[in-house]
Amino acid sequence: MNIGVPRYLIVGMAALFSAYHLVLATYTIDVPRNPVPVFVAMGLYAVATIVSLLPFGPTRMPVWMAAFNFAIVVAITLLVSNELDFGRPGGTGYASWYVAASGTLLTITSTRQRHTFAWLGIGFLVVQSAVLVGPGLFALGIVGSASWVAVSHVLSTALAKASKDAHRFALAEREATDWQAAQEAHVYERQFRLGQTSAMALSMLRQIQESGGDLTEDQRRECLHLEGAIRDEIRGRKLLNDAVRDEVMNARRRGATVTLLDEGGIDDLSDEDLDRVLNRLAVAIHER
């Protein structure tokens, strides 16, 4: 999906936001009752973020990675929240960094088109926070995390649709270009064949006009030979060059029956090889 912004720039910004949550966790490491679970949560969050932001592979996140991110959100929420005293005066402050960190990780998941897992994570945060702190859950930043996921969901869906539309338009443009090229080729082919036919038949047509249609037997036979030559131009295609045309006409004037039909077997030959083959064909016709 091409959204007009370099991927490395988006990844870099997401990495900075993610690192900021780790800075907050480090800054408030003295608030939790036991810092060890917090360090474990920081490590898990860092791993999940790095894996999710690797600038490789498809834009759409694999299912296993989305499930892994959801599991990490559950893990860091339980690890950190169980060590915090939400009833302390002044609240927990930035020590509840896990809410914003989970929101960031879920936003990344939603941006990479795994919206179901992102909303499952938000739902878990809301339920867990409501059970843990009751009505005070909104002070933890749940609304902000949900809002980021919602914005990501809307934007990524719109961009995915725009990408599909652009792909369809590109296909339609290519098909239109191919159709136009084919029509131009047909027009050129018709003009070329008409030019050849006119050059071949012009002399005989003048004789017919001058004689008022009263032709001799030799002229009638020559008309039949010209008809065969015109038919060769239509059906013979690449089987013809000047040498082959001359020898085919001479063979018909000798009384031979010659039929040329190009079925495409020599289309892949180079010009040099094709000329060599046609010259050999002309020699073979001459020797008959």
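Predicted, not measured: the structure shown is a model, and the values here were computed from it.

Attention now moves to the layout of surface pockets. One number sums up the size of the second largest pocket: a volume of about 200 Å³. In terms of lining, the second largest pocket is formed by 14 residues, of which the most central are Met200, Ala229, Arg245, Asp246 and Met249. Contributions of two or more residues to the lining of the second largest pocket are made by α7 (217-235) and α8 (242-253). Here the element with the most residues in the lining of the second largest pocket is α8; it accounts for seven residues. Within the lining of the second largest pocket, the residues separate by chemical class into six nonpolar, one polar and seven charged.

As a further point, take the environment of Leu171. Tracing the backbone through its elements, the reader meets Leu171 in helix α6 (residues 142-211). Sequence separation between Leu171 and Ala14 is 157 residues; the distance between their C-alpha atoms is 33 Å.

Turning our eyes to something else, we now look at the pattern of salt bridges. Any two side chains of opposite charge can pair, given that their charged atoms come close. Considering all chains together, one arrives at seven salt bridges under this definition. Of the charged contacts, one joins Arg221 and Asp218 as a salt bridge, the two residues approaching to 2.1 Å between their closest N and O atoms. Pair noted here: Arg221 and Asp218 are both in helix α7, with a separation of three residues, about one helical turn. Residues Arg245 and Asp242 are paired through a salt bridge, measuring 3.3 Å at the closest nitrogen-oxygen approach.

This paragraph deals with helix α2 (residues 35-53). Because an α-helix completes one turn every 3.6 residues, residues spaced three or four positions apart along the sequence face the same direction. A rise of 1.5 Å per residue sets the reference length of α2, with its 19 residues, at 27 Å; its end C-alpha atoms lie 27 Å apart and thus fit the reference within 8%. Among the residues of α2, Pro37, Val38, Ala41, Met42, Tyr45, Ala48, Thr49, Ser52 and Leu53 are the ones counted as buried. Down the axis, α2 shows its buried residues gathered within 140° of arc, on one side only. When the buried face of α2 is taken as reference, the exposed residues oriented beyond 90 degrees from it are Val36 and Ile50.

In this section: α8. In a regular helix each residue adds 1.5 Å, so 12 residues correspond to 16 Å; α8 covers 17 Å between its end C-alpha atoms and thus fits that length. Within α8, the full set of buried residues consists of Val244, Glu247, Val248, Met249, Ala251 and Arg252. Elements in contact with the buried residues of α8: α7 and α9 (271-287). Trailing α8 by a residue or two, Gly255 shows a phi angle of about 105°, which is positive.

Our next topic: the packing of α8 against α9. Packing of α8 against α9 brings their axes to within 8 Å, and their N-to-C directions diverge by 15°. Here α9 runs roughly parallel to α8, going by the angle between their axes. As α8 runs across α9, the sense of the crossing is left-handed. For the pair α8 and α9, contact is made by Ala243, Val244, Glu247, Val248 and Ala251 and by Leu278, Asn279, Leu281, Ala282, Ile285 and His286, respectively. Within the contact of α8 with α9, the residues separate by chemical class into eight nonpolar, two polar and one charged.

The next subject is the packing of α2 against helix α3 (residues 63-81). At a minimum axis separation of 9 Å, α2 and α3 run at an interaxial angle of 160°. Compared by their axis directions, α2 and α3 come out roughly antiparallel. The two elements α2 and α3 cross, and the hand of that crossing is left-handed. Note on element contacts: α3 touches α2 through Trp64, Met65, Phe68, Asn69, Ile72, Ala75, Ile76, Leu79 and Val80, opposite Pro37, Val38, Val40, Ala41, Leu44, Tyr45, Val47, Ala48, Val51 and Ser52.

Now for a nonpolar patch on the surface. A cluster of nonpolar side chains, namely Leu9, Met13 and Phe17, defines an oily patch on the protein surface of about 300 Å² accessible area. Considering the arrangement of structural elements, one finds Phe17 in helix α1 (residues 7-27).

On the secondary structure map, Thr28 appears in the loop between α1 and α2. Beyond its immediate stretch of four places on either side in the chain, Thr28 contacts Tyr94, Ala95 and Trp97.

When pLDDT is low, close inspection of the predicted coordinates is not appropriate. Mean pLDDT over the chain: 82, with 93% of residues reaching 70 or higher. Taken element by element, the predicted model of the chain shows its lowest mean pLDDT in α1 (79) and its highest in α3 (92).

A separate point is the side chain of Ser110. Considering the arrangement of structural elements, one finds Ser110 in helix α4 (residues 97-111). Since its relative accessible area comes to 0%, Ser110 is described here as buried. Dropping the residues within four chain positions of it, Ser110 is found in contact with His115, Ala118, Val149, Ser152, His153 and Ser156.

What follows covers the environment of Ser18. Within the secondary structure, Ser18 is located in helix α1. Classification of Ser18 by relative accessible area gives buried; the value is 3%. Taking the C-alpha atoms as reference, Ser18 lies 7.9 Å from Ala46; in sequence the two are 28 residues apart. The residues contacting Ser18, other than those within four sequence positions of it, are Tyr45, Thr49, Thr104 and Ile108.

Scoring rules and cut-offs
- Residues numbered from 1 in each chain as written.
- Predicted model: local features only at pLDDT ≥ 70, side-chain atom pairs only at ≥ 80, totals over all residues.
- Heavy atoms only, no water.
- 1 Å grid on protein atoms, 1.4 Å probe; cavity = no way out; pocket = protein on both sides within 12 Å on 5 of 7 lines; lining within 4 Å.
- Points joined across faces, edges and corners; volume = space filled by probe spheres on them.
- Helix = DSSP H or I, 4+ residues; strand = E, 2+ residues; numbered from the N terminus.
- Nonpolar A, V, L, I, M, F, W, Y, C, P; charged D, E, K, R; others polar.
- Salt bridge = Lys/Arg side-chain N within 4 Å of Asp/Glu carboxyl O.
- Expected span 1.5 Å × (residues − 1).
- Buried < 20%, exposed > 50% of the residue type's maximum accessible area, 1.4 Å probe, protein only.
- Arc of directions from axis to C-beta.
- Contact = heavy atoms within 4.5 Å.
- Axes fitted to C-alpha atoms, helices over the stretch in contact; angles between N-to-C directions.
- Parallel < 35°, antiparallel > 145°, perpendicular 65-115°, else oblique.
- Left-handed = near helix turned anticlockwise from the far one by under 90°.
- Patch = residues over 30% accessible without salt bridge, like charges linked within 9 Å, V, L, I, M, F, W, Y side chains within 5 Å.
- Areas by Shrake-Rupley, 256 points an atom, 1.4 Å probe, with all protein chains shown as cover.
- pLDDT = per-residue confidence, 0-100.

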